[in-house]
Structures are given as structure tokens and as C-alpha cells.
Amino acid sequence: MTTKRGHNARRPETARLSKDEDLEKSRKRCDRATLTTDQGVPIPHTDDSLKVGARGPTLLEDFHLREKVTRFDHERIPERVVHARGSGAHGVFRLHESLSDLTTAELFCDTSLETPVFVRFSTVQGARGSADTVRDVRGFATKFYTRQGNFDLVGNNMPVFFVQDGIKFPDFVHAVKPEPQHEMPGGASAHDSFWDFCGLVPESAHMVMWLMSDRAIPRSFANMEGFGVHTFRLIDAKGRSHLVKFHWKPVLGVHSLAWDEAQKIAGKDADFNRRDLWESIEAGLFFEYDLGVQLVDEQTAADIGVDLLDVTKIVPEEIAPVRRVGRMTLDRNPDNFFAETEQVAFCVQNVVPGIGFTDDPMMTARLFSYLDTQLTRLGGPNHAQLPINRPLAPVHNHQQDGFGNQQVPVTVANYFPNSLGGGCPFLAKTGGYVDFPEVVEGKKTRERSPSFADHFTQAAMFFHSMSAPEKEHIVSAYSFELSKVVRREVRERYVNEILANVDAELAASVASAVGVRLAAKGAPTPPKLTSPALSMESSTKGSVRGRRVAVLAAPGVDDGQVDAVFAALSNGGARPEIVSTALGPVGSREATKTLFNTSSVLWDAVYVPGGAKSVEALRARADARTFIREAFGHAKPIGGTGEGAELVLAAIAEDVRPGAAGPEASLPGVVLARDSQTATFPTAFVEAVARHRFWSRTASGS
Ligand code: HDE
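For clarity, every value in this text was computed on a predicted model and none was experimentally measured.

### What to know about the overall build of the protein chain
Phase 1 of the analysis: What the protein chain contains, in helices and strands, is 19 helices and 17 strands.
Phase 2 of the analysis: Computed over C-alpha atoms, the radius of gyration of the protein chain comes to 28 Å, within 12% of the 27 Å expected from 2.2 N^0.38 for 702 residues, which places it in the range of a compact globule.
Phase 3 of the analysis: For the C-alpha atoms alone, the extent of the protein chain along its principal axes is close to 90 × 80 × 55 Å.
Phase 4 of the analysis: Of the contacts formed within the protein chain by residues at least 6 apart in sequence, a portion of 75% connects residues at least 24 apart.
Phase 5 of the analysis: For the protein chain, the accessible surface area stands at approximately 31900 Å², while carbon and sulfur atoms represent 55% of it.

And the structure:
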């Protein structure tokens, strides 16, 4: 519940095994506990079933065996039909700027409140065990436990969607999911049925453009924006409605992986984003996002050809600025994955007084779908009683019984109105949920509003708002994905019917990469609008917080150089670690990773310190040279001091673009200090790490 006492007061303490002290506490608690059946019967022996003699047949009478195995048989529940792969965290939302002139929702009015939240991030296409770093949309769903009940903001990391009407959602999902005949490919949209659907449904063009951009391969959940996507209403005390779009802005900025890197990570560490979330929180490097509200009005939107009920459109931030009004901090890992991250049930219908819906035809379908899916997934109508879903606001009503009911009602009156129960529960006299009394009129019809008809202007705007490297990455992504499409006509249709309507050069580049003929019709392409806020190029680049830096070193390393760089990185919240030829001591530190149990793609930057013996040992190893070279190819910051600088140059020599005057002059993000005493190196290296990537130095295709 929203509380003035602080959000940690909200949940009973449970055992968590991730930290040593918790492990200790949990062990102490266990010391006093006896193993029992589900009925509480003490069990003295659980290693052998009850048999006739030591080698005899097992007896059906063994209730402990039967209970244990039966419970095991039923441990799994159906995975989510979409967004099956997810990772969650607890946190708190603090409001900085009151919106009491716009809404009666207390969590957006009272700046002294701390509202507990639970967030689940997800991919869409893949199964529960699929890899984190696939090219896909990311879910960004937040449950706010407010004093007025739960508010679920079930958004994505992209502000638009593939289809305009919810009735198309099952078709879209069938098309993007693994193909029905062989259940392939898992976790990828690069296959015939997805591109077949998108080539035939032009309203998907804008969202597909986002999907082909680097937004679809985030470096970390901490580096993703979040969007409520739909237009919502804020309703003020006088009952007036204010149209709004919700945004989450990551405090550390929006950053992505390189595509080649993302594919390799999927093999090296399929839990890459999940692990990063878990380990960062354990290390006290909490994930933070500002909540932005973008107030929009129908006329302003109409002036730029946007219908606010159409989820394939955005209102550019340059036209309607995003006001940052509060901050969410994710600061606590779940105690138990299944009980919390898997059983959390987000429902778009969960709103609180002061927040309402619009007539968006996607929203209407979602209002039905989420509650419906939880009935099957969580075994019935009582899933709101599960600890992770239970509102912290008191719940009183006459809903009753059903599978999995946990409550023992004590009233004789389970209906309204009643006198036998003293009239309880009473209707809310003040502060109850009031629907916005929108006036609606019209004939019943199955048609699409003409105001939804322009499918290409904003797809083009997104493309033209990108920096040169971002555009290159988009061209590569379309080329990669469409090249995986077996049927030529599907590729050809997408290029000619969709891309040619967005941008002629984009269409031409992709056509030549995927071996299709560009029709000579010369489709009129939309005006070249731009919205600079869409590019990641201008995103926050001042912090190294959470960045993982591999320090390649072996015995004989120059400890002084390592100390200085560790200190500078750690001060900024980065996580340097020694990667060596073997685990064990390296100088005054310990190697926590080795060249054979980790890989360059799992790090944000590489530093090679000097020390003749150390560098000699590394130089002799192909995997050490590959480590540096791969980081260079993925546009990552690379540092080298003393002999380490020589090794860096040798490793990347073949990849330096020809024609450069001298390697160092032309290598952005490669920070070298030959003189090991150079005192300015740590600062210069930290600055490079804070920039995240140096895309300009990589050729297309990274
Ligand atoms: Fe969802 N969506 N969706 N969706 N969605 C689900 O609910 C659905 C849509 C989103 O971490 C399901 O509990 C329909 C848009 C997220 O648990 C299901 C339509 C957006 C999550 C469902 C949409 C989303 C879901 C599957 C079209 C961005 C994961 C399991 C009308 C604003 C939440 C579940 C979590 C999950 C239906 C479209 C976001 C089946 C019918 C647009 C982040 O109910």
C-alpha cells in the first residue's frame, strides 16, 4: 500500500538466499523446522520409498511418496501465451511533482507518498526458457500498490504497436510465433510467416521499423524506455478529463547491444538481461526510471495527422513535451521467482480513481483479455489473492468461492443490499471510482476510421530521425531478417509494398541485400519529418554506473595501473573484474573470470594494463586477442596502458579502417597510454566507458 512509513514495511520478511546474511538467517530458521507433509505430519525419512523388503516393490500405501511426486507433477502452470520470458523486481515510486490539477489518483497527487511497485520485464515471442537478447519488443509492466487499490501500467519499450484493432492481435501473434508445422524459430521474428503478415498489413510498418532498430536489443533493462502506448485519461476532482500518454525514462539513458553481439550472448549467457537485473540490485546498483506524463490534446494531434486512438502513432516529444513527475527505483529482488515473477498477474483493467481509458480499439480488447488469460494461467478467479497480486488496500466485496479461494468469509450476508450483515460493505461515499461520462453516439459498424489510414509517415519519421550508424543498423536488420525468409515473393512484397512507401533508399539497399527486384513504380515517399528525441544518439552518456569492464591481466601485471583504473571505475559505480588465463591471484587481486569461461560480448569495455609478463602471457593466447578484437568490432571502449597498449593495437590492427592517418588518431573510444605513468588515463578511460559505444568506427553489420 502507498505508505508514509516507507515501502519496505509492506511485505512480511521471507527467506532470500542470495546474500550471505540471508542465507545465515534462513539456515537458522530451518534449524528449528521439521520436515512435514502438506498436512503437517512430521516425516523422519524421505530418501527411500516404503517397500516390501529393501529390494521389494514400492507400496501404494506410501502417502509421503505419493504426495511428494503428485505435487512435483503439478509444479508447472501454463506459460503466458505472449511475454512468457520475464524477469521481475520490487521497488518504489516517489512522486516529485503533484498532478492534483489533473487527477484525483492519490499516487500522482501526494508527493510525500511512497508507492510500492513490482515490475516485470519480458520478451514477447519466445518461450519461458528462451534467450534474453533476441530481437524483440520488451514488455515493461508495472504494478503500483496504491492506497486506492492496484494500478497496472502494462506497457512496452516501444511506444507503438503492430496492429490498430485488438481483433487482429491473435493473427499477429500467430504470425510472429514459431511456425505451426515445426515450432521454429524460437525467440525470433526472422521467418516467413511474420514477414508475410507484415507485408500484407501495412499498419505494422511503423512498429516493424522500431523492431528493426537497436531498441529491440537493449543492453540492459536499465537502459530501456517504457511506454503506456495507449492514450489514457487523467480525471480531475471536477470530473474533467485530460488525455495523457505515460512514459518511463531510464535515468542511465537508452543503450543497446550490437546485433552480432546480441546473437552471441544468446548462446554464451541466455540469461544476460535477467542476470544483469539481479546482480545489479544485489550490488546496490538500483535501476531507476523517471515517470513522464505527456499531455496531449486531440486537436494538436489531429494537426499532425495523428488520431490519439491509433496505437501505431506517437505524438513527438518536440510537439507535446514529456514532463518528468516522479521516479521509480527497483531496489529489491524477488524472494521466489515462481511466487512473484511467474504468478504476477497484470491486468490492464486495474486502474484507480482518477485514471481512465479512451475508446482505442486495442485497449478495449486488452480490457477483456488480461483477466481472461489469468483465469486459465493462474487456475481460476482467485488469483488476486496471491501475495504478489493482493492489493495492499483493503478488499471487501461479495465475490466468493471458486478454485484456489484463500479466504474464510464470516458474514451471513453475501449480497448487496443487505440488512442481515449490517449493510456491509458500504458503497464508497467519497473517493470511489467514477467512470468518465464520455458522450458516445454512432452506428454500429465494422470499419476502420479514415483517421487511422496513414501507415507510412511515422515509419519514415522514425527512420529519418536516426543518426547515420543507427540507420545502418536498421538497414542491416531488415536485410538480416528478410534474408531468413525462404519465400521470395514474401521478401519482394515487403520491400515493394512496405519499404518502398517509407524510403526509396532504404528499400533499394534492402532489395539488393535480399535478392529481390525493386519495382520501378517509384512510390511517393512521405515527407522527411524528424523527431530528434527518437534517436538514441542524444541519450544520457555521462555515467558508468552498472557497466561491466573486463580487465585482461595475468600474473606480473602492473598493480599500480590496475589500482588506478579500478578506483576510477568503481567510484562511478562500474563493475570491473579481472579476466585472466586462470582463476586465482593476479597481482594483488583475484581473477574472477577466465578467458575460457567468459567472452568479450558479456562486457561493456575492455582494459589491458601493462606489466611485461602479464602482457606476454596474454599475447600468446588467441582467445585474448579475439577478446579485444571482438570488443573493437562491437564499438566498445577499449583501454590500454604500457605494454597493454601495444597488445591492443596489435589485436585490432586488421580492423582499423584503411586510409587512417595513424591508428590512434582515427580510433574513437580506444584510449591508450604508452607511458605507464600517465595520470590522465583513468579519467579519459572512464569518460570513454560512459559514452557506451563508438558506433562511428564500425562498419555496417555490427
Ligand atoms: Fe498484451 N497480453 N495484449 N500488450 N501484454 C499479455 O497477458 C493482449 C498489448 C503486454 O509481464 C497477456 O498475462 C491483447 C499492447 C505486456 O505479465 C495477454 C492485445 C501492449 C504483457 C495479452 C495486447 C501489451 C502482456 C499474456 C491486443 C503494450 C506482459 C499473458 C488487444 C502496451 C505482462 C498475460 C507480464 C501480456 C493480451 C496488446 C503489453 C494474453 C489481446 C498494445 C507487457 O492477456
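From this point, the discussion proceeds with the structure in view.
### Quick look at the side chain of glutamate 470
Phase 1 of the analysis: Mapped onto the elements of the fold, glutamate 470 is located in helix H12 (residues 468–483).
Phase 2 of the analysis: One buried charge, glutamate 470, has no salt-bridge partner; the nearest side chain with opposite charge is arginine 215, at 6.3 Å.
Phase 3 of the analysis: Residue contacts for glutamate 470: discarding those within four places in its chain leaves Ser535, Met536 and Glu537.

### Considerations on the nonpolar core
Phase 1 of the analysis: One finds Phe162, Trp195 and Tyr478 to be the most contacted residues of the largest nonpolar core, which totals 57 residues.
Phase 2 of the analysis: Sorting the residues of this core by element identifies helix H3 (169–176), helix H4 (192–200), helix H5 (205–211), helix H11 (457–464), H12, helix H13 (488–502) and helix H14 (504–513) as the ones contributing at least two each.
Phase 3 of the analysis: Considering every element that reaches this core, the biggest residue donor is H13, with seven residues.
Phase 4 of the analysis: In contact with tryptophan 195, not counting residues within four places along its chain, are Ser189, Ala190, Val208, Met212, Tyr478, Glu481, Leu482, Val485, Val490 and Tyr494.

### A look at the sheet that holds strand E16 (residues 638–641)
Phase 1 of the analysis: Reading across the sheet, the seven strands line up as E13-E14-E12-E11-E15-E16-E17 and stay open at both edges, with mixed pairing between neighbours. Unpaired on one side and paired on the other, strand E13 (584–586) and strand E17 (670–673) mark the two borders of the sheet. Direction aside, the axes of adjacent strands within the sheet are offset by 35° on average.
Phase 2 of the analysis: Bridge count for E13 against strand E14 (residues 589–594) is three bridges, and the pairing is antiparallel. Looking at E14, one finds that glycine 584 is bridged to alanine 591.
Phase 3 of the analysis: Sheet strands in contact with helix H15 (residues 559–571) are strand E11 (548–552), strand E12 (575–580), E14, strand E15 (605–608) and E16, and its direction is about 145° off that of E12.

### Re the site of the ligand
Phase 1 of the analysis: Inspection of the region around the ligand gives 24 residues, with Arg80, Arg120, Arg366, Tyr370 and Gln374 positioned closest.
Phase 2 of the analysis: Among the elements of the structure, strand E3 (138–146), strand E4 (149–156) and helix H10 (361–377) are those that each provide at least two residues to the shell around the ligand.
Phase 3 of the analysis: Counting residues per element, the shell around the ligand draws most heavily on H10, at seven residues.
Phase 4 of the analysis: Each residue belonging to the shell around the ligand can be placed in one class, and the counts come to eleven nonpolar, ten polar and three charged.

### Comments concerning the packing of aromatic side chains
Phase 1 of the analysis: Under the counting rule described, the total for this entry stands at 32 aromatic pairs.
Phase 2 of the analysis: The interplanar angle of 75° and the centroid separation of 5.0 Å between the aromatic rings of phenylalanine 121 and phenylalanine 140 together place this pair among those described as edge-to-face. Separated by 19 residues along the polypeptide, phenylalanine 121 in strand E2 (residues 114–123) and phenylalanine 140 in strand E3 bring together distant segments of the chain. Comparing phenylalanine 121 with phenylalanine 140 shows no difference in burial state: the two are buried.
Phase 3 of the analysis: Seen in terms of ring centroids, phenylalanine 681 and phenylalanine 685 are 5.5 Å apart; in terms of plane orientation they differ by 10°. Their pairing is stacked. Here phenylalanine 681 and its partner phenylalanine 685 are both found in helix H19 (residues 681–690), four residues apart, which amounts to about one turn of the helix.

### Description of H3
Phase 1 of the analysis: Turning to H3, its buried residues number three or more, namely Phe172, Val173, Ala175 and Val176. Down the axis, H3 shows its buried residues gathered within 160° of arc, on one side only.
Phase 2 of the analysis: On the buried face of H3, the contacting elements are H4.

### Quick look at the pattern of salt bridges
Phase 1 of the analysis: Summed over the entire model, instances satisfying the criterion amount to 40 salt bridges.
Phase 2 of the analysis: Across the salt bridge formed by aspartate 271 and arginine 85, the nearest N and O atoms sit 2.9 Å from each other. Of this pair, aspartate 271 sits in the loop between helix H6 (259–268) and helix H7 (272–282) while arginine 85 sits in the loop between helix H2 (63–73) and strand E1 (86–95), placing them 186 residues apart in sequence.
Phase 3 of the analysis: The exposure class of aspartate 271 is partly exposed, given its relative accessible area of 28%.
Phase 4 of the analysis: Take arginine 85: its relative accessible area is 5%, and that puts it in the buried class.
Phase 5 of the analysis: Between arginine 323 and glutamate 97 there is a salt bridge, and its shortest N-O distance comes to 2.7 Å.

### Structural notes on the packing of H13 against H14
Phase 1 of the analysis: Contact pair H13 / H14: the axes reach a minimum separation of 7 Å and the direction vectors enclose 150°. When the axis of H13 is compared with that of H14, the two are roughly antiparallel. Between H13 and H14 lies a crossing of right-handed hand. Contact with H13, carried on its side by Val495, Leu499 and Ala500, involves Leu506, Ala507, Val510 and Ala511 of H14 and no other residues of that element.

### Considerations on the domain arrangement of the protein chain
Phase 1 of the analysis: Looking at the assigned domains, one finds that the protein chain contains domain 1 (51–173 + 216–385) and domain 2 (548–701).
Phase 2 of the analysis: Using only C-alpha atoms to locate each centre, domain 1 and domain 2 end up separated by 37 Å.
Phase 3 of the analysis: Domain 1 puts 16 residues into the contact, and the matching count from domain 2 is 14 residues.
Phase 4 of the analysis: Summed over both partners, the interface of domain 1 with domain 2 buries about 1200 Å², with 55% contributed by carbon and sulfur atoms.
Phase 5 of the analysis: In terms of surface lost to domain 2, no three residues of domain 1 exceed Arg219, Glu261 and Leu285, which account for 34% of the buried area on that side.
Phase 6 of the analysis: Residue aspartate 604 is joined to arginine 219 by a salt bridge in which the shortest nitrogen-to-oxygen separation is 2.5 Å.
Phase 7 of the analysis: Elements supplying a minimum of two residues to the side of domain 1 that touches domain 2: H6 and H7.
Phase 8 of the analysis: For the side of domain 1 that touches domain 2, the leading source of residues is H6, giving five residues.
Phase 9 of the analysis: Split by residue class, the side of domain 1 that touches domain 2 holds five nonpolar, three polar and eight charged.

### Some details on unusual backbone geometry
Phase 1 of the analysis: Of the consecutive residues phenylalanine 416 and proline 417, the connecting peptide bond is found in the cis state with omega at 0°.
Phase 2 of the analysis: Here proline 417 is to be found in the loop between H10 and H11.
Phase 3 of the analysis: For the bond from cysteine 424 to proline 425, the omega torsion is -15°, close enough to zero to count as cis.
Phase 4 of the analysis: Tracing the backbone through its elements, the reader meets proline 425 in the loop between H10 and H11.
Phase 5 of the analysis: Positive phi values are uncommon outside glycine, yet histidine 83 reaches one of about 60°.

### Here we look at a nonpolar patch on the surface
Phase 1 of the analysis: A contiguous nonpolar surface patch, about 220 Å² in accessible area, is contributed by Leu50, Val52 and Leu59.
Phase 2 of the analysis: Mapped onto the secondary structure, valine 52 falls in the loop between helix H1 (20–31) and H2.

### Some words on the side chain of serine 122
Phase 1 of the analysis: As for its placement among the helices and strands, serine 122 is situated in strand E2.
Phase 2 of the analysis: Residue classification places serine 122 among the buried positions, given a relative accessible area of 4%.
Phase 3 of the analysis: Within the local environment of serine 122, its side chain forms a polar contact with the side chain of histidine 83, the two groups lying 2.8 Å apart.
Phase 4 of the analysis: Excluding anything up to four places from it in sequence, serine 122 contacts His83, Arg85, Gly86, Val137, Arg138 and Gly139.

Procedures and definitions
- Numbering of residues starts from 1 in every chain and runs along the sequence as written.
- Residue-level local features of this predicted model are given only where pLDDT is at least 70; pairs of side-chain atoms are given and counted only at 80 or more, and the full residue set underlies all totals for whole chains, interfaces and linings.
- Side-chain measures here rest on the full set of heavy atoms in the structure, leaving out hydrogens and waters.
- Each helix is a run of DSSP H or I of at least 4 residues and each strand a run of E of at least 2, with the numbering of both proceeding from the N terminus.
- For the radius of gyration, the atoms used are the C-alpha atoms, and the globule rule reads 2.2 Å times the number of residues raised to 0.38.
- A contact between two residues is defined here by any heavy atoms of the two lying within 4.5 Å.
- Computed by Shrake-Rupley with a 1.4 Å probe, the accessible areas treat only the displayed protein chains as cover when residues are assessed.
- Here's how the labels work: a residue is buried when its accessible area is under 20% of the maximum for its type, exposed when over 50%, partly exposed in between, all with a 1.4 Å probe on protein chains only.
- In this tally, Lys and Arg are treated as positive and Asp and Glu as negative; His is ignored, and so are the chain termini.
- Salt bridges are defined by distance alone: a side-chain nitrogen of Lys or Arg within 4 Å of a carboxyl oxygen of Asp or Glu.
- Definition of nonpolar core: a set of buried residues of the types Ala, Val, Leu, Ile, Met, Phe, Trp, Tyr and Cys, connected through side-chain atoms within 4.5 Å.
- Two strands qualify as a pair provided that DSSP identifies no fewer than 2 bridges between them.
- Fitting a line to C-alpha atoms yields each axis, with helices limited to the stretch in contact; the angle taken between N-to-C directions then spans 0 to 180 degrees.
- Near is defined per residue: the residue qualifies when any heavy atom it owns lies within 4 Å of the molecule or strand.
- All amino acids are sorted into three groups, where Ala, Val, Leu, Ile, Met, Phe, Trp, Tyr, Cys and Pro are nonpolar, Asp, Glu, Lys and Arg are charged, and the leftover types, Gly among them, are polar.
- When two rings of Phe, Tyr or Trp (its six-membered ring) have centres within 6.5 Å they constitute a pair, described as stacked for plane angles under 30 degrees, edge-to-face for angles over 60, and tilted for the intermediate range.
- What the arc describes is the spread of directions from the helix axis to the C-beta atoms.
- By definition in this entry, angles of less than 35 degrees are roughly parallel, angles greater than 145 are roughly antiparallel, angles of 65 to 115 are roughly perpendicular, and the rest are oblique.
- By convention the crossing between two helices is left-handed if the near helix lies anticlockwise of the far one by an angle smaller than a right angle, and right-handed if it lies clockwise.
- Domain start and end points were adopted from an automatic or database domain assignment.
- As used here, buried area is the combined drop in accessible area, with a 1.4 Å probe, of two parts when they are placed together.
- Nonpolar side chains (Val, Leu, Ile, Met, Phe, Trp, Tyr) are joined into patches within 5 Å and like charges within 9 Å, using only residues with over 30% relative accessible area and no salt bridge.
- In protein, a polar contact requires one atom able to donate a hydrogen and another able to accept it; more generally it is a pair of N or O atoms within 3.5 Å, and residues adjacent in sequence count only if both atoms are side-chain atoms.

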